[in-house]
Each structure stands twice: as structure tokens, then as C-alpha cells.
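# Structural description and commentary
Next come the chains, spelled out residue by residue.
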Amino acid sequence: MKDWIIREKGFSKEHITLNGNKFICGNGYMGIRGTLEEYEKEHLPAVNLAGIYDKVGDGWREPLNAPNALYTRIRVDGRDYILPEVEASKHEQVLDYRHGIVKRSTTWKTGRGEVTVISEHFAHYTCPHIYCMQYTIQTTFHAEVEVYTGIDADVWDIHGPHYDEITLSESGECILAGAVTHEKGETVAVAEQCGVSFFNEQRVDVQEKKILHHISFISEKEKEVKIEKIAAVYTTQDVTAPEKAALEEVRNAFKKGYGACKKEQIEAWEEHWKTAEVEIEGDKEAMEALNYSLYQLQSIAPRHVESLSIGARGLSGQTYKGAVFWDTEMFMLEYFLYTQPETARTLLKYRIDTLSGAQEKARAYGHKGAFYAWESQEGGYDACTDYNVTDVFTGRPMRTYFKDKQIHISSAVVYGIMRYTNVTGDDSLLKEGGIETILECAAFYDSLLLQKAHTQVYELHDVIGPDEYHERVNNNGYTNRMAKFTFETAVKILREAEEETLQRISNAYPVEELAKRYQEDADRLYLPQPEKDGVVEQFDGYRKLEDVSVDTVRSRLLHEKEYWGGAYGVAAHTQVIKQADVVTWMVMFAEEFSQEILQKNLDYYEPRTEHGSSLSACMYALLFCKCGRPECAYPFFLKSAKADLAGGGKEWAGSVYIGGTHPAAAGGAYMTAVSGFGGVVLKDGKVTVNPKLPESWKKLRFHIRYQNKLYQITETKDSVNVECLQ
Ligand code: IFM
């Protein structure tokens, strides 16, 4: 069995937040931040739940952190041994990312000898409501040991507290926390059962928001005492009686035992890696970082339901309101499509099921069709606020236009549905509302078109493209091309629809008329063209802006957390952009440009890009690959693959915390490896590969699923083998 380990030796207070992300584990239902058992809310522990949100007062609507059943602290001879308060003589944190198991080992020196705590925990891969922990205590001397372990319902919140009511109780051998949310009165129930390997005295204590087993014993020199815990989480979104469900499930899992659960965990992840692993011979660093990225993606994959998507920060907390952005379709989708199409389907089903939210948003802005939420929560509710950034100087919210103007979001949904259909060969999504979704997105763009006086040309004005530093611009090339793609897709759907579909939709949609109209929209929509030097202008007037370097713009900051965009941001009046924009367009539609134009735009835009978003690097990597420059792509690839390992990403937008994991970067790293370096193209039922391996890569091997078949692809510098396995 392979060892895939991340290890950090020594304890550093400065790493508490970063390690919460780096040592995370999850199973799509929940994400458990990689914090230590004794941490309370100041150190951001969280059992973050997928798809359930709450809003308190004027605060932002955000996902829930469930009461934390890993909470454990020890006292030896009357003194607490906890980090960061009491300095440890030895400490390490480990993540086995092959199996989603997180470990820690900490030794403290006392006047009488050493106290060591070793723990491991995991979110159960096949039982999404369950998480398990083993906590071992060892002393080098006879000591009076007290362990407090149970459920801490005093959770970390950014805009909380979200629980109006918390009930803590005992039920037989189990303890239970039931917490009721403020906005909708949803219940989150957490049940826990624990067992101790050594003779001990126990009672249950209820403190203000904690229910804890108080376990005391006299430790024997060098003899380990093990505590094994199983916890289950259910909410009223899962079942009507979550307390009952949590208790039942915890009892069953506890009967099975920690060891059996761990065995299931290891077997399930091993099974997953059989077809998901990407092997790179000759570059250990890249292989580890890439598979770690895949671990991150897999830990947030919603495998337990049929309709749910993934937030921009995965399940690492409440940053970005736990909301779904274009990140899912444009950056993460390929990994799920190629490794587990059923999860890809779940992600897109969520968009189809939230169509009514998108229609409501379009109506609210006076448009037609479907304008998807920029920050989508359940039902398609747009959690993005009109004031999404706080000014660091005044502390006042700044008017931002992400919600109203980032219209490219609807085209990402269309792109996702079509990619699913083409890669899987399964048209069930189209039949179950996908067609209507596409037509509504086309209607949205159609209602936004402006005709330039005395010409036949249509334009899209007052938008924000992927580069968010330039707000309210006209004719952003990426946006226009994606709107055109939406029209083209709508026409294809209408022209190729089967009789049955035509009958279904013809009441709501005048098929012939719309096909003609959208064809005309597609033909007449303006797309910026390469200028004399080959550069395509990002939006009208972009090249007239001040042409300065990223460093110059940075040097103008008066505060390190100052926002670069918006009306007065340091980048707003310059050509410095936040993230790949024209380059993203060119990655998507590379075949529409000559190699020379692709190269010229790469070379023009890269030095002007701050890469202030973790979504940026992979797009540059992909375009460098398309231009046959894998060595230039490589550092961008590595940056994406290491987004959650290295830290150092942007943690603040103004004074708003935006830290957490970066699943879009992880997905971007996958796309770069497989489609960029690997050169995979799936078209007309055929898998073709045109490798562009970086110098050090001797061999690249991975599997992909395409139209119900599983392929193993092996590439070296001078050979390619595509084998159909099933
Ligand atoms: O979707 C992105 C956006 O493109 C840049 N800001 C962060 C968002 C969430 O990742």
C-alpha cells in the first residue's frame, strides 16, 4: 500500500489557520478542519456541513459548522496540557491523504516526566454522516489523568452565532447535541459515543455549550490508554428526526468499532485511487502535490445526494459564504467528469434544480431568462451582497458589482451541462431540465444585447469579466464569447431536439423562432479581434489604461490588505488584471486562434496579471501547454497544485477573510496534468492524446472515463498508449 503523507514537525502558532486547511479531511457531507482536539473557536476548528446555511441579522448568510465531537483536552496531576497555551517538547501533525486520516502526536515535559497524546481521526468515506477518532494518552510516570472529551457546540462562526437553541443531553451510552438555527429553525444533531481501554471513572458534565465525558484514571508508566469515539451528524435537511437518526447511526457504528470503521475507510479510498490516481514518473514533487489536490477534491465530492454542488472554499469553513461560483463548472468539473461522472451529474443537477432561483434573479434585475447566482446557495439564492468588500481605511462596506455584473456565470452552467453530456454520452440531464436551463440562459443573454446604432452589431455592456478588478466594462471578450457559445448551444439543442422533446418544450418555447433568433444573436455578437500587434483587448478601452507593472501597482498600496479593484482600487485604472481573462477565453476556444495569436496574448497578459485569484495560474498553464511550452506552464501548474500545501494565497479582500482551501486551483492542476501536459482531447467518441510533458516527466499515467468506457493512458517522451479497460 502506498504511503502518501504530509508531515509537519514542531508547533507554530502562526500555522494554526493554514493547517486547518492543509490537514483537512472530509467526505462530501462534512469537512473537518485540520485543527487540534483541544482547540476552541478562536483557533477555527470546524465540522463544516455541505448545503445547509443560516443568516443572522445583517450578517452574511453562511454554511453551518456543526457542534464539534472531536473536542478533547487532558489534565495531568491537576494541570492542563493543551496547545497553544502550554508549550510542547515534541509535536507533529500528519495527514495520510491516501486514506483521509489525520494524525497528531504531542509530548509535553512535566516536572515528573513526559505526557504524550497521539490521535487520529477521519470522516468516513462510505458513511457520510459518521466521523471517528482515536485518542491515546501515555505518561512516563504514574499520574492522575483527567480527560474531557465530548461535543463542543460553541462553534466558530464568521457571521454567527447561528444556533438560537442548543440542547445537550445523554441518551444511554451516548451524548447528544441538538442545535436549532436562527433563520429557518433547522436542527443539527450530533451524537457521540466513546469507549476507554483502561479502568476509569466517568461522569458526564454539561458546561454552557459543551457536553463532555469526564474520564479519570491513574496512568501506568508507559502504558497507553486509548479512547475511541464515533460521532454522527444529521440535520433536518436529511431526515425529519435528526437526533434519532444520529443516535441510531452512532450506536451501529460503535458496535462495529473504530478498527472496523478505519478498515472500511482505507479500503474505500484504495478502491477510489485505483482509477483516480495520476502517476508521474520523474517528478515526485509534482506527483505528490497533484494527488494531494485530488484528495482535496475527493473530500468535498457530494457523493451522498443527487443534487448538490461545491463551494469555492470546499468544506473548509464559512469563507465565501460556502457558496457555489463558476469555479465548479469551469475548474473542478473535469476531474469529476473523468473520474466519477455520477458526481459530475450531481453538481450539474444542482444547477438545473436551482433554475427558478436564477430566473428570479434575472427578473429582479429586469432581465429575461436565467441569471445564475454569482454566489449560489440552496435554491439558487444569491448570497453575494452589493457590498462584498470592506474598505480597510474606513471600515465601510464598498459597493461591488460581482452580483449584478458578472453575467458570465450563466454561460458556465451551460458549458457544464454540455460537457457532461458530451463526455458521458448521457443525455438524461438535458431531458431532466437541462434543455430548459440552456434556453433560459440564452434568453438571459438575448435580453441583454444592445445594438450599436447604424450597424448590425450586438454588444454586451456594463459587465465584469473574470478579471474582477475592472468593473462595469463593455464588451469583455471572455463574456461575449461565452454568451455566443450559449446562443450556439441553444440553436443546436433546438435544431437537434427529438420529437418528444420538441413536443415537451414547444408550449413554452417557439422553437423555430428562437432557433433563428439565437443564431442571429450568435452571428452578430461582437468579439474583440486581435489588434495589429496580435493582442486582443480584454474590453473596450482596456489598452488605453495606464500600462504599468504589477509591482508598480503593488507599490502604490497604502495598506497591505487594501482592495485592488472597485472604483478607486490601485489596479482599476491600469492594465494590471487580477486573473486570467483573455487567456481563459483562449484556453476555451484555442482552435479559433492561430498559434501566433495565442503566444502573443500569453506574453502580453502574463506580466500584467497579479494572479490575485487562485483560479489564474492554471489557465496560464493550460495555454502555455496549448502553445507547446510545457516548461513555461510548469511553475503555474505547480502553483495550482500546491495552493493548499504552500499557503501564501490571498487571505484577505479588504478586511474580509477569504482564506480556506482552493478546490478550483486543485481542479485546475488536474486539467493541466491531463489535458495540458497529457494533451487529452475527447471528441466524437474518440480519445486522442498529444503529450507535452515537462522535461523531468519520464512517464505520465492516469485513467479517464469517456462515454461509459474506462481508459488507461500511459505517456512517455516517445510513446503513447491508450488502453480501453472496460
Ligand atoms: O470565482 C472566483 C472569482 O473568479 C475570483 N474571486 C474568487 C471567486 C471564488 O473562487
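Description of the structure in this document. (Residues numbered from 1 in each chain as written. Predicted model: local features only at pLDDT ≥ 70, side-chain atom pairs only at ≥ 80, totals over all residues. Heavy atoms only, no water.)

Once that is clear, we can look at the overall build of the protein. When helices and strands are tallied, the protein shows 20 helices and 30 strands. For the protein, whose C-alpha radius of gyration is 26 Å, the value lies close to the compact-globule estimate of 27 Å for 726 residues. Oriented by its inertia axes, the alpha-carbon framework of the protein measures out at about 90 × 60 × 55 Å. Scored against the burial criterion, the 726 residues of the protein give a buried share of 64%. Of the roughly 27500 Å² of accessible surface on the protein, 48% is carried by carbon and sulfur atoms. Side-chain charges of the protein comprise 82 positive and 109 negative groups, with the mean position of each set lying 2 Å from the other. (Helix = DSSP H or I, 4+ residues; strand = E, 2+ residues; numbered from the N terminus. Rg over C-alpha atoms; globule rule 2.2 N^0.38 Å. Buried < 20%, exposed > 50% of the residue type's maximum accessible area, 1.4 Å probe, protein only. Areas by Shrake-Rupley, 256 points an atom, 1.4 Å probe, with all protein chains shown as cover. Lys, Arg positive; Asp, Glu negative; His and termini not counted. Charge placed at Lys NZ, Arg CZ, Asp CG, Glu CD.)

Another point: the packing of aromatic side chains. A complete count under the given rule lists 36 aromatic pairs for this structure. Measuring from ring centre to ring centre gives 5.8 Å for Tyr365 and Phe371, while their planes differ by 55°; the resulting arrangement is tilted. Clustering of aromatic rings is evident, with ring pairs tying together Trp4, Tyr97, Tyr125, Trp269, Trp273, Tyr292 and Tyr295. The ring of Trp4 carries Arg98 above its face, with NZ or CZ at 4.5 Å from the centroid. The aromatic ring of Tyr401 is capped on one face by Arg472, whose charged end is 4.5 Å from the ring centroid. (Phe/Tyr/Trp six-rings, centres within 6.5 Å; stacked < 30°, edge-to-face > 60°. Lys NZ or Arg CZ within 6 Å of the ring centre and 35° of its normal.)

The strand order across the open sheet built from nine strands is 1-8-9-10-11-18-15-14-13, with neighbouring strands paired in antiparallel fashion. The sheet is open, and its two edges are formed by strand 1 (5-9) and strand 13 (163-171), each paired on a single side. Adjacent strand axes in the sheet meet at a mean angle of 15°, parallel and antiparallel pairs treated alike. Two strands pair when backbone bridges link them, and strand 11 (residues 130-139) and strand 18 (residues 225-235) are joined in this way by eight bridges, in the antiparallel orientation. Bridged to Tyr135 within strand 18 is Ile227. With respect to the sheet, helix 2 (residues 242-256) is in contact with strand 11, strand 13, strand 14 (174-181), strand 15 (187-196) and strand 18, its orientation differing from that of strand 15 by roughly 25°. (Pairing = 2+ DSSP bridges. Axes fitted to C-alpha atoms, helices over the stretch in contact; angles between N-to-C directions. Contact = heavy atoms within 4.5 Å.)

Strand order in the open sheet formed by four strands is 19-28-29-30, and the pairing between neighbours is antiparallel. A strand with exactly one partner marks an edge of an open sheet, and here the two such strands are strand 19 (279-281) and strand 30 (720-724). On average, adjacent strands in this sheet sit at an angle of 15° to one another, irrespective of strand direction. Sheet topology places strand 29 (residues 709-716) next to strand 30; five bridges connect them, and they run antiparallel. Bridge pairing in strand 30 links Thr714 to Asn721.

This brings us to the nonpolar core. Counting residues in hydrophobic clusters, the biggest one holds 215 residues, and the most contacted among them are Tyr131, Trp326, Phe637 and Ile704. Ranked by residues supplied to this core, first place goes to helix 10 (residues 428-448) with 11 residues. The contacts of Phe637, once residues within four sequence positions are left out, are Ala286, Leu290, Ala621, Ala669, Thr672, Ala673, Phe677 and Trp697. With 20 residues, the next largest nonpolar core counts Ile101, Ala232, Leu247 and Cys261 among its residues. (Core = buried A, V, L, I, M, F, W, Y, C linked by side-chain atoms within 4.5 Å.)

Looking at the ligand, the residues that line it are Ala312, Tyr320, Phe325, Trp326, Asp327, Trp374, Glu468, Lys578, Gln579, Ser613 and Leu615. Trp326 is positioned such that a nitrogen or oxygen atom in its side chain is 2.9 Å from an oxygen atom of the ligand. Asp327 places a side-chain nitrogen or oxygen 2.6 Å from an oxygen atom of the ligand. Its free accessible area being 280 Å², the ligand has 96% of it covered by the protein chains. (Near = heavy atom within 4 Å. Polar contact = N/O pair within 3.5 Å; in protein donor to acceptor, adjacent residues only side chain to side chain.)

So, on to the packing of helix 17 (residues 616-626) against helix 20 (residues 663-677). Helix 20 packs onto helix 17 with a crossing angle of 5° between their chain directions and a minimal axis gap of 9 Å. On the basis of the axis angle, helix 17 is roughly parallel to helix 20. In this structure, helix 17 contributes Cys618, Met619, Ala621, Leu622 and Cys625 to the contact, and helix 20 contributes Gly668, Ala669, Met671, Thr672, Gly676 and Phe677. Here the contact of helix 17 with helix 20 is composed, by residue class, of eight nonpolar, three polar and no charged. (Parallel < 35°, antiparallel > 145°, perpendicular 65-115°, else oblique. Nonpolar A, V, L, I, M, F, W, Y, C, P; charged D, E, K, R; others polar.)

Applying the stated criterion across every chain, the model contains 56 salt bridges. Among the salt bridges present, the one from Lys492 reaches Glu496, with a minimum N-O distance of 3.2 Å. Of this pair, Lys492 and Glu496 both sit in helix 11 (residues 477-496), separated by four residues, roughly a single helical turn. Here Arg629 ties to Asp603 by a salt bridge, and the two come within 3.2 Å at their closest N and O atoms. On the criterion of sequence distance, the pair formed by Arg629 in the loop between helix 17 and helix 18 (630-641) and Asp603 in helix 16 (residues 595-605) is long-range, its members being 26 residues apart. Overlapping salt bridges, with partners in common, bring together Arg61, Glu183, Lys184 and Glu378 in one network. (Salt bridge = Lys/Arg side-chain N within 4 Å of Asp/Glu carboxyl O.)

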